[in-house]
Amino acid sequence: MYKLRATIIKDLLILTRDKVGLTLMFVMPIVLAIVITAIQNSTFELVNDNKVPLLVCNKDTGQAGRQLIAAIENVGMFQLKQITGDQTPAQIMARMNAKDALVAVVVPASFSSETLTKATTIATRALNEFGLTADSGRNALSAPAPILLYYHPVLQASFRSSINGALLSALQLVQSKQIVKSLYYSINQKDLPAGLEKDIIQNNPVIHEIAVSRDGNRSIPNSTQHNIPAWTIFAMFFVVISLGSSIVREKLNGSFVRLKTLPTSYLVALLSKQLTYLVVTLVQTAVIFSIGAWLFPLMGLPALNLPSDITGLFIVSLICGWCAVSYSICIGVFAQTQEQANGFGAVSIVLLAAIGGLLVPSFAMPASFKYLMKMSPLHWCLEAYYGLFLEGGTFSDTVMNIIPLVVITVLIQLLTLYGLKRKNLI
Amino acid sequence: MKPAAVSLVDLGFSYPGESGVCFSHLSLDIQAGERFGLFGPNGAGKTTLMNCMTGLLPDYTGSVKLAGLEVRNNKNVRSLFGLVPQDFSFYQELSPAENLAFFGAWSGLTRQQVKKKTTDLLEVLGLTDVRNKPVMQFSGGMKRRVNLAIAVLHEPQVLFLDEPTVGVDVQTRHAIITYLKWLNGQGTTLIYTSHQLQEAEDLCDTVALIDNGRIIAHERLAQLLSEHREEGLEGLFLNLTGKSYRDADV
């Protein structure tokens with residue numbers, strides 16, 4: 001026990017004197033968590049609180065064109081900037097390159113007439129089905145002129161999709177209204193009353209978002225709730241930079257030669273490193289969670305809501321930390337130089353984070369990657385944390401994520417022992 | 001009969017993946033209490049032989065015994081000897097006291113023993129004033145003394161010294177050699193290797209010359225000099241190993 005105690009003291013002293021290592025382990029993940037959460041939060045606010053600048057070039061002089069623009073405005077997502085209908089594509093692109101707007105929509109000159117033709121044809125066909133008109137309305141509808149959507153290349157695909165969806169819903173509204181008007185006119189030979197038209201537009205059902213959680217808490221998870229667990233895991237695994245290179249440094253400098261001639265197994269050194277760095281990962285977790293819970297609100301960012309099962313959170317953190325430390329030791333044992341340990345360690349963590357769903361949501365991954373994802377320990381760490389932070393679960397709800405994590409950790413430990421044995425270190 | 005401090009019988013060793021053989025059928029006895037010097041040109045196998053004797057290279061054939069115990073993969077042997085490697089073998093971030101506390105524990109000493117021995121050793125080696133300063137701030141000579149202090153902390157029966165005074169000033173060299181002689185007077189067997197042949201003459205009473213993996217001479221130093229009619233170890237060395245360069249194959 002005295003040997004282990006002396007070794008832990010030695011490791012702690014070396015660790016606390018390694019200012020660069022401490023910076024990498026604590027400051028870097030904290031900065032990352034703050035920056036990424038702030039960016040994601042501002043994106044969220046851009047979409048929800050602010051409006052996307054949208055250039056509108058209406059070449060159509062009819063009523064449907066104007067209705068479409070009004071409907072787009074009613075979506076509430078855009079800040080419309082109307083430009084004259086005589087603008088050429090080159091002029092529109094020049095304005096967008098000047099960052100006048102990130103998106104531009106061009107309504108074709110034939111929009112009103114085509115919408116009317118389509119509505120009349122559909123109304124006639126519908127009335128013919130009921131035997132209310134002799135005209136079959138079976139004239140084939142010609143393809144309408146497209147609505148052009150210009151977008152700045154900085155816009156991400158997901159953001160473009162939501163803009164597309166908003167424009168389609170506005171278009172749908174205009175077309176539906178036109179069809180109802182045509183039907184009404186065909187039956188009554190009168191225009192649709194203004195009150196009825198208003199009801200068609202305004203009395204739509206409201207969509208309520210409800211987050212599914214195990215504890216019945218229906219609050220919608222914010223960017224902090226997503227980011228803090230992910231970057232905490234990242235921070236834990238980034239101990240590879242300090243721990244991996246510390247093992248390599250020990251192997252390369254003379255102290256290792258002396259250790260091999262002393263009557264103590266190198267396993268004591270490894271146990272000491274595991275315990276020391278396990279404490280480091282737990283401190284990292286406590287620091288980052290505290291920042292999320294108490295510092296973020298002061299910075300205008302959403303606060304981290306800690307799960308109700310704090311014991312479960314501690315156990316999950318402990319197991320995640322153990323896996324991170326085991327991985328770092330394994331890298332240190334197999335690496336020949338500090339450059340190898342740092343380079344491979346850092347790159348492998350980024351890769352494991354990417355395939356593990358920390359950088360891209362796991363549901364958005366291609367099917368082939370979903371098998372690979374299950375081999376990343378960071379994936380199971382993230383799933384366990386999300387079980388607590390997003391789903392409002394307790395430790396028992398995370399067991400199915402913890403079991404694979406423990407299995408992976410044990411395999412890493414066995415690999416480390418094999419490496420030590422092969423190098424005559426134990 | 002008291003066993004030899006170190007006994008090599010039919011020792012054979014070659015590095016894995018290398019075609020050449022370092023040693024084959026090498027036998028040597030080093031008696032307890034000797035101040036034994038092992039010398040040879042670069043690449044002769046001095047460090048390799050020392051690594052076999054300390055168990056750092058366990059994949060040898062034949063037998064290496066230390067105080068009658070086989071060295072290969074035997075943890076019990078490790079508390080019987082101390083090693084002063086050529087490179088600094090400690091943690092530069094730690095102070096001498098912190099290094100001694102750690103290596104003392106790993107040598108099997110109790111906390112009280114470490115505490116007492118640390119105070120004594122730092123005093124003897126002139127490191128008391130800097131006992132709590134990080135070793136990385138030390139001069140080469142001070143680091144050599146820390147290297148030595150760690151090796152003798154657990155009072156080993158046999159002390160292996162691989163160029164223990166390389167790169168130090170005259171004062172430090174004198175202090176280290178004086179301390180080693182005192183240690184030998186207390187019963188510690190010294191097994192020393194160096195290219196400092198004048199220093200070796202001062203320290204060693206028995207020498208062995210090794211060349212191309214073979215022991216070419218092994219005698220009391222005075223007797224060896226007399227047999228070969230040489231006045232000093234350097235002349236004897238050149239006489240027995242020649243004057244040509246011994247560059248390694250590159």
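What counts, and where the lines are drawn
For every chain, the first residue of the written sequence is number 1, and numbering continues from 1 onward in sequence order. Chains carry letters and ligands carry numbers; both start at the beginning, A for chains and 1 for ligands, and go up in the order they are written. Where totals are concerned, whole chains, interfaces and linings use all residues; where local detail is concerned, this predicted model gives features only for residues with pLDDT of at least 70, and gives and counts side-chain atom pairs only at 80 or more. Confidence of the prediction at every residue is given by pLDDT, a number between 0 and 100. Labels follow the DSSP assignment, with helices taken as runs of H or I lasting at least four residues and strands as runs of E lasting at least two, numbered in each case from the N terminus. Interaxial angle, 0 to 180 degrees, is taken between N-to-C directions of lines fitted to C-alpha atoms, where a helix line uses only the stretch in contact. The cut-offs work like this: below 35 degrees is roughly parallel, past 145 is roughly antiparallel, 65 to 115 is roughly perpendicular, and the gaps in between are oblique. Here a crossing is taken to be left-handed if its near helix is turned anticlockwise relative to the far helix by less than a right angle, and right-handed if that turn runs clockwise. Contact between residues is assigned whenever the C-beta positions, reconstructed from backbone atoms, fall within 7 Å. Throughout, the ten residues Ala, Val, Leu, Ile, Met, Phe, Trp, Tyr, Cys and Pro are labelled nonpolar, Asp, Glu, Lys and Arg are labelled charged, and all others, Gly among them, are labelled polar. Put simply, a residue is buried when 20 or more other C-beta atoms lie within 10 Å of its own C-beta and exposed when 12 or fewer do; between those, it is partly exposed, and each C-beta is set from the backbone. Note on pairing: two strands pair once DSSP finds at least 2 bridges between them. The path from the first strand over the helix to the second decides the hand: if it runs clockwise while the strands point away from the viewer, the crossover is right-handed.

Taken over all residues, the pLDDT of chain A has a mean of 84, while the share at 70 or more is 90%. The weakest mean pLDDT in chain A belongs to helix H7 (residues 194-202) of chain A at 72; the strongest belongs to helix H12 (residues 310-334) of chain A at 95.

Here we take up the packing of helix H4 (residues 140-152) of chain B against helix H5 (residues 170-185) of chain B. All names here are of chain B. At their nearest, the axes of H4 and H5 sit 10 Å apart, and the two run at 15° to each other. One element, H4, and the other, H5, form an angle in the roughly parallel class. Note that H4 runs across H5; the crossing there is right-handed. Of the residues in H5, those touching H4 at Gly 141, Arg 144, Arg 145, Leu 148 and Val 152 are Thr 172, Ile 176 and Leu 183. Among the residues forming the contact of H4 with H5, the class breakdown is 4 nonpolar, 2 polar and 2 charged.

Now for the pairing of strand S8 (residues 189-193) of chain B. Residue and element names in this part refer to chain B. Burial within S8 is extensive, with 5 of its 5 residues counted as buried. Residues Thr 189, Ile 191 and Thr 193 line one face of S8 and the alternating positions Leu 190 and Tyr 192 line the opposite face, and both faces are buried. In terms of strand pairing, strand S3 (residues 35-39) meets S8 through 4 bridges, oriented parallel. The residue bridging Gly 37 from the neighbouring strand is Tyr 192, located in S8. One ladder, built from 5 bridges, connects strand S7 (residues 158-162) with S8; its direction is parallel. Paired with Phe 160 across the bridge in S8 is Ile 191. The handedness of the S7 to S8 crossover, carried by H5, is right-handed.

All right, on to the environment of Leu15(A) then. All names here are of chain A. Looking at the secondary structure, you find Leu 15 in helix H1 (residues 2-17). Note on Leu 15: 21 C-beta atoms within 10 Å, which makes it buried. C-alpha separation for the pair Leu 15 and Leu 267, spaced 252 residues apart in sequence, amounts to 19 Å. Excluding anything up to four places from it in sequence, Leu 15 contacts Gly 21 and Thr 276.

This paragraph deals with the confidence of the model for chain B. Residue and element names in this part refer to chain B. Overall, the prediction assigns chain B a mean pLDDT of 87, with 97% of residues at 70 or greater. The secondary structure element of chain B with the lowest average pLDDT is helix H8 (residues 233-241), at 77, and the one with the highest is helix H2 (residues 96-106), at 95. At the level of chain-chain contacts, confidence expressed as ipTM amounts to 0.87, with global pTM at 0.77.

This part is about the sheet that holds strand S4 (residues 61-66) of chain B. Residues and elements named next belong to chain B. Reading across the sheet, the 4 strands line up as S2-S1-S4-S5 and stay open at both edges, with antiparallel pairing between neighbours. In this open sheet, the two edge strands, each paired with only one partner strand, are strand S2 (23-30) and strand S5 (69-70). Relative to S4, strand S1 (residues 6-13) runs antiparallel, the two sharing 5 bridges. Residue Gly 12 lies in a different strand from S4, and its bridge partner there is Thr 61. The sheet contacts of helix H1 (residues 46-53) involve S1, S2 and S4, and relative to S1 the element is tilted by about 115°.

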